[in-house]
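Here is what each chain is made of, one letter per residue.
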Amino acid sequence: ELNLKKNFFENIKIIIKLLKDFKPDIIHSWMYHSHIVSFIISFFGYKVYWSIRNHDISKKSVGISTFILIKCLAYLSKFKIKNIIYNSSVAKLSHTLAGFSSIKSKIIYNGFESNKNQINLSHSKLNTNYLIGCVGRYHSVKNHNLIFNALKILIKSHKNIKICFVGNGFNKMNKELVDILN
């Protein structure tokens, strides 16, 4: 979107120019790498809010460079940042244990607005007793294997079950998913 370069300092110049042009009231970042940039921006007098939507911050999950970045952010979180907004208590706990400021921590759970006319909440047309819905992209961090294993147990005693997955990666082109479902 911003046509940023690979040079970090050139990117800071571009962002500072954008800040001067747009004069935002607050800065909200939601990726670890953008938290570093927003921290720098906080020194220009902006109110900075971080959102964190991840709970597994192990080296294995995020990689060594992001793990080191998370440790640096934990230290920086105690300065200049207005609030850190988590989407779950587990995310808040894991980051607080890693050293993120607990005083500045808030939880705002995920949610979505829907128009009941757009979503068919009735499953009577599907000829099923149970309809289970799951919304989210197909990714290992979402642990869909847990859902699949639970369904294996559930269908032994409840034969008339349908499940609807909605999100990126839930399609016939996803060979891993098709293999699991088969």
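Owing to the predicted nature of the structure, the values given are computational and were not obtained by experimental measurement.

**Section: the packing of helix H1 (residues 8-22) against helix H2 (residues 32-42)**
What describes two packed helices is the angle between their axes and the distance between those same axes.
Right, on to step 1. Two numbers describe how H1 lies on H2: the axes approach to 11 Å, and their chain directions differ by 55°. By the criterion of interaxial angle, the relationship of H1 to H2 is oblique. Crossing angle aside, the handedness with which H1 passes H2 is right-handed. Along the contact surface, H1 presents Phe8, Ile12, Ile15 and Leu19, while H2 presents Ile36, Val37, Ile40 and Ile41.
Right, on to step 2. Residue classes in the contact of H1 with H2 are distributed as 8 nonpolar, no polar and no charged.

**A few points about the nonpolar core**
Right, on to step 1. Formed by 26 residues in total, the largest nonpolar core has its most connected members in Tyr32, Ile41, Trp50, Ile84 and Phe100.
Right, on to step 2. At the level of secondary structure, the elements contributing two or more residues to this core comprise H1, H2, strand E2 (47-52), helix H4 (64-76) and strand E3 (81-86).
Right, on to step 3. Top element by residues in this core is H4. It accounts for 6 residues.
Right, on to step 4. If you look at the next biggest cluster of nonpolar residues, it comprises 6 residues, including Cys134, Tyr138, Phe148 and Phe170.

**A closer look at the pattern of salt bridges**
Right, on to step 1. If you walk through the whole model with that rule in mind, you get 3 salt bridges.
Right, on to step 2. With a closest N to O distance of 2.9 Å, Asp21 and Lys17 form a salt bridge. Here Asp21 pairs with Lys17, and both are found in helix H1, just 4 residues apart, close to one helical turn.
Right, on to step 3. Given the relative accessible area of 52%, Lys17 is considered exposed.

**Brief notes about helix H6 (residues 144-157)**
Along an α-helix, residues three or four positions apart point the same way, because every turn accommodates 3.6 residues.
Right, on to step 1. Its 14 residues give H6 an end-to-end C-alpha distance of 21 Å, which sits within 8% of 20 Å, the value for a rise of 1.5 Å per residue.
Right, on to step 2. Taken as a whole, H6 has its buried residues at His144, Phe148 and Leu151. Looking straight down H6, one finds its buried side chains confined to an arc of 55°; they lie on one side. Opposite the buried face of H6, at more than 90 degrees from it, the exposed residues are Leu146, Ile153, Lys156 and Ser157.
Right, on to step 3. Those residues of H6 hidden inside the fold are in contact with strand E5 (130-135), strand E6 (161-166) and helix H7 (175-181).

**Quick look at the pairing of strand E1 (residues 26-29)**
Right, on to step 1. Residues Ile27 and Ser29 point to one face of E1 and are all buried, whereas Ile26 and His28, pointing to the other face, are not buried.
Right, on to step 2. The pairing of E1 with E2 spans 4 bridges and is parallel. Paired with His28 across the bridge in E2 is Tyr49.
Right, on to step 3. Between the parallel elements E1 and E2, the chain passes through H2 in a crossover that is right-handed.

**Digging into the packing of aromatic side chains**
Right, on to step 1. Going through the model one piece at a time under the given rule, you end up with 6 aromatic pairs.
Right, on to step 2. With 6.4 Å between their ring centres and 70° between their planes, Trp50 and Phe100 make a pair best called edge-to-face. Note that Trp50 is positioned in strand E2 and Phe100 in the loop between helix H5 (89-97) and strand E4 (105-107), a separation of 50 residues in sequence. Summarising the burial analysis for this pair, Trp50 and Phe100 share the class buried.
Right, on to step 3. Between the aromatic rings of Tyr138 and Phe170, the centroid separation amounts to 5.4 Å while the plane-to-plane angle is 85°, which identifies the pairing as edge-to-face. A residue pair is termed long-range when its members are at least 10 positions apart, and Tyr138 in the loop between E5 and H6 and Phe170 in the loop between E6 and H7 qualify at 32 residues. Across the pair, exposure class does not vary: Tyr138 and Phe170 are buried alike.
Right, on to step 4. Among the aromatic residues, those joined into a ring-pair cluster are Tyr138, Phe148, Phe165 and Phe170.
Right, on to step 5. We note Lys80 situated over the ring of Phe43; from NZ or CZ to the ring centre the distance is 5.2 Å.

Criteria and cut-off values
- Residues numbered from 1 in each chain as written.
- Predicted model: local features only at pLDDT ≥ 70, side-chain atom pairs only at ≥ 80, totals over all residues.
- Heavy atoms only, no water.
- Axes fitted to C-alpha atoms, helices over the stretch in contact; angles between N-to-C directions.
- Helix = DSSP H or I, 4+ residues; strand = E, 2+ residues; numbered from the N terminus.
- Parallel < 35°, antiparallel > 145°, perpendicular 65-115°, else oblique.
- Left-handed = near helix turned anticlockwise from the far one by under 90°.
- Contact = heavy atoms within 4.5 Å.
- Nonpolar A, V, L, I, M, F, W, Y, C, P; charged D, E, K, R; others polar.
- Core = buried A, V, L, I, M, F, W, Y, C linked by side-chain atoms within 4.5 Å.
- Buried < 20%, exposed > 50% of the residue type's maximum accessible area, 1.4 Å probe, protein only.
- Salt bridge = Lys/Arg side-chain N within 4 Å of Asp/Glu carboxyl O.
- Expected span 1.5 Å × (residues − 1).
- Arc of directions from axis to C-beta.
- Pairing = 2+ DSSP bridges.
- Right-handed = clockwise from strand over helix to strand, strands pointing away.
- Phe/Tyr/Trp six-rings, centres within 6.5 Å; stacked < 30°, edge-to-face > 60°.
- Lys NZ or Arg CZ within 6 Å of the ring centre and 35° of its normal.

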